[in-house]
Each structure stands twice: as C-alpha cells, then as structure tokens.
Amino acid sequence: MTDVGFLQLATPNAVSCSLHPVVMFEVLDHYTRRNTEDGRVVGALLGSVNADGSVILKNSFPLPHDDPTAHQDFAIFFNTMADLHHRVNPREHIVGWYTTTRAGEG
C-alpha cells in the first residue's frame, strides 16, 4: 500500500510548499465538525504558486461531497466560495485540494 498523503496540488512543478497554520486549523475543524457517519471531508486549498514552483497555502474552504446527484448545487457552492475568497484576497487562487479519512481507511 502506498501513502499518497493528504495534499494534492494543482501544479505538477511544485518544488516546495509553505503551509500557513490557519490552513491546518481549518482542515482539522472541518474534520472534527463532520457528521459521525461521514468517513472523510474534502476541501479546496487557496494560495499562490511562485515562478520557481514553490506553493504558498494560506487559506481553505470545505466542499460538500455527500450527495453525488447534487452536481449543480456543488458547482454553485464552489463558485460562490471561490468568488468570495477572491474578493477578499485577489492574490489567492485555488491551488489544490485536501481530503481526510478516518484512521485505517483509505
């Protein structure tokens, strides 16, 4: 079994990643507030990618994923959240995704 890790970046050329502590707290908060029957949480990572390929993660937001038939609702939610974050900090963009699972799953 290979360990893929929890971080998936939108750039294949990342040479390093700087993680702001607030991102870790947001992911942890998302996981601890999930419904107990939900096995995992999924979210978007926001930040920037520098010319040298280094990624700076500064923010995140959770994404709903429990209803596979609600694609239109997901798109509306995702686009609204991305737009709101971009209005607050135009230098931050979606740079990747996070996901978590319970221990022993995966």
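Residues numbered from 1 in each chain as written. Predicted model: local features only at pLDDT ≥ 70, side-chain atom pairs only at ≥ 80, totals over all residues. Heavy atoms only, no water.

**Digging into helix α1 (residues 21-32)**
Then, in step 1: The end-to-end C-alpha separation of α1 is 17 Å, in line with the 16 Å expected for 12 residues at 1.5 Å each.
Then, in step 2: Of the residues making up α1, those classed as buried are V23, V27 and H30. When α1 is viewed along its axis, its buried side chains cluster within an angular range of 60 degrees and face the same direction. Turned more than 90 degrees away from the buried face of α1, the exposed residues are P21, F25 and T32.
Then, in step 3: For α1, the secondary structure elements touched by its buried residues are β2 (17-19), β3 (40-49), β4 (55-63) and β5 (93-101). (Helix = DSSP H or I, 4+ residues; strand = E, 2+ residues; numbered from the N terminus. Expected span 1.5 Å × (residues − 1). Buried < 20%, exposed > 50% of the residue type's maximum accessible area, 1.4 Å probe, protein only. Arc of directions from axis to C-beta. Contact = heavy atoms within 4.5 Å.)

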